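Inside the fold
The chain contents come next:
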Amino acid sequence: MEELKKIAPKLSKLKKEQPFGVPEKYFDDFSARLQHRLETEKQVPPQNQSSIIRFLKPALGLAASFALVFMLVYWPLKSFLPNYLAKTNTIETINEEDTYLIFVEKMDENSFFNLLQEPGTEEETIEGNFNDEELLSYLSVNVSDYEIYMQTEN
């Protein structure tokens, strides 16, 4: 105790009593109050909610919150910036060169070689004849050196 007075004199002067307490005669009628409360709870019928509604409540809450966020964000942007939203929805036009590249990229190797070997097919008349440089550039982009080597051995 004297050591406490040396270290913290103000702390040693505080009274050492319990800060919390039970009111007078609280436990004298506790059992009667508890019994009364239990009886009132038994008389209240339990709520019979179907299990489907209980499981759908969180999902409906999420859907409602997403709808609310959508209305609070998209509609003001739509009314204040109509031109900005219209620019993002534009469709880009594809020129002939891009169409040709898309056609060649989707083609497998066998179809590509058959196309080169068969003269007079519709694809050849539409796309034109291939020269050696185009063939080399296609092979260098789409086929590795190892695959070319394996094809030449067979």
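Whatever comes next refers back to the structure up there.
What you see is a predicted model; the values in this text were computed from it and never measured.

On to the overall build of the protein. For the protein, the helix and strand inventory stands at 10 helices and zero strands. Shown N-terminal to C-terminal, the secondary structure of the protein runs as helices and strands in the order α-α-α-α-α-α-α-α-α-α. Out of the 154 residues belonging to the protein, those deemed buried represent 7%. Residue pairs at least 24 apart in sequence account for 30% of intrachain contacts in the protein once pairs closer than 6 positions are excluded. Summing over all exposed atoms, the protein offers an accessible surface of approximately 15,000 Å²; the carbon and sulfur share of this is 59%.

Moving on: unusual backbone geometry. Negative phi is the rule for most residues except glycine; trans is the rule for most peptide bonds. Residues other than glycine seldom take positive phi values, yet K25 does so here, at roughly 55°. Among the structural elements, K25 can be located in the loop between α2 (9–13) and α3 (30–43).

Quick look at a nonpolar patch on the surface now. Among the surface-exposed residues, L68, V69, F70, M71, L72, V73, Y74, W75, L77, F80 and L81 lie close enough to one another that they form a single nonpolar patch of about 1,100 Å² accessible area. Structurally, the position occupied by F70 is in helix α4 (residues 51–80).

Considering the arrangement of structural elements, one finds M107 in the loop between α6 (96–105) and α7 (109–117). By relative accessible area, M107 is classed as buried at 14%.

Looking now at the packing of aromatic side chains. Aromatic ring pairs are described here by two measures, namely the spacing of the ring centres and the angle between the planes. Throughout the structure, instances matching the rule amount to four aromatic pairs. Ring centres 6.1 Å apart and planes at 40° place the aromatic pair Y26 and F30 in the tilted group. According to the relative accessible area criterion, Y26 is partly exposed, its value standing at 32%. With a centroid separation of 5.0 Å and an interplanar angle of 15°, the aromatic rings of F70 and Y74 are classed as stacked. Here Y74 and F70 lie together in helix α4, a separation of four residues that amounts to about one turn. A residue is classified by how much of its surface remains accessible, and F70, at 45% relative accessible area, is partly exposed.

Moving on, we get to the pattern of salt bridges. The final tally for this structure, using the stated rule, is two salt bridges. Put simply, D29 and R33 hold a salt bridge, and the shortest N to O gap is 3.6 Å. Judged by its relative accessible area of 39%, D29 falls in the partly exposed class. The closest approach of N and O atoms between E41 and R37, which form a salt bridge, is 3.9 Å. Taken as a pair, E41 and R37 lie in helix α3 at a separation of four residues, close to a single helical turn. For the pair shown, E41 and R37 are each scored as exposed.

Definitions and cut-offs
Per chain, residues are indexed from 1 in the order of the written sequence. This being a predicted model, a pLDDT of at least 70 is required before a residue's local features are given, and a value of 80 or more before pairs of side-chain atoms are given or counted; all residues contribute to the totals for chains, interfaces and linings. Processing note: side-chain calculations cover all non-hydrogen atoms of the structure and skip hydrogens and water entirely. Here a strand is any run of E in DSSP of at least two residues, a helix any run of H or I of at least four, and the numbering for each starts at the N terminus. For the exposure calls, accessible area comes from a 1.4 Å probe over protein chains only, and a residue counts as buried if that area is under 20% of its type's maximum, exposed if over 50%, partly exposed in between. Whether two residues are in contact is decided by their heavy atoms: any pair within 4.5 Å suffices. Per-residue and other accessible areas were derived by the Shrake-Rupley procedure at a 1.4 Å probe size, with only the shown protein chains allowed to occlude residues. Like-charged residues within 9 Å of one another, or nonpolar side chains (Val, Leu, Ile, Met, Phe, Trp, Tyr) within 5 Å, are grouped into patches, provided each residue has over 30% relative accessible area and no salt bridge. The working definition used for a salt bridge is a side-chain nitrogen of Lys or Arg within 4 Å of a carboxyl oxygen of Asp or Glu. Two rings belonging to Phe, Tyr or Trp (six-membered ring only in the last case) form a pair when the distance between their centres is within 6.5 Å. Interplanar angles under 30 degrees mark stacking, angles over 60 mark edge-to-face geometry, and anything in between is tilted.

Any functional reading would require information beyond the geometric quantities listed.
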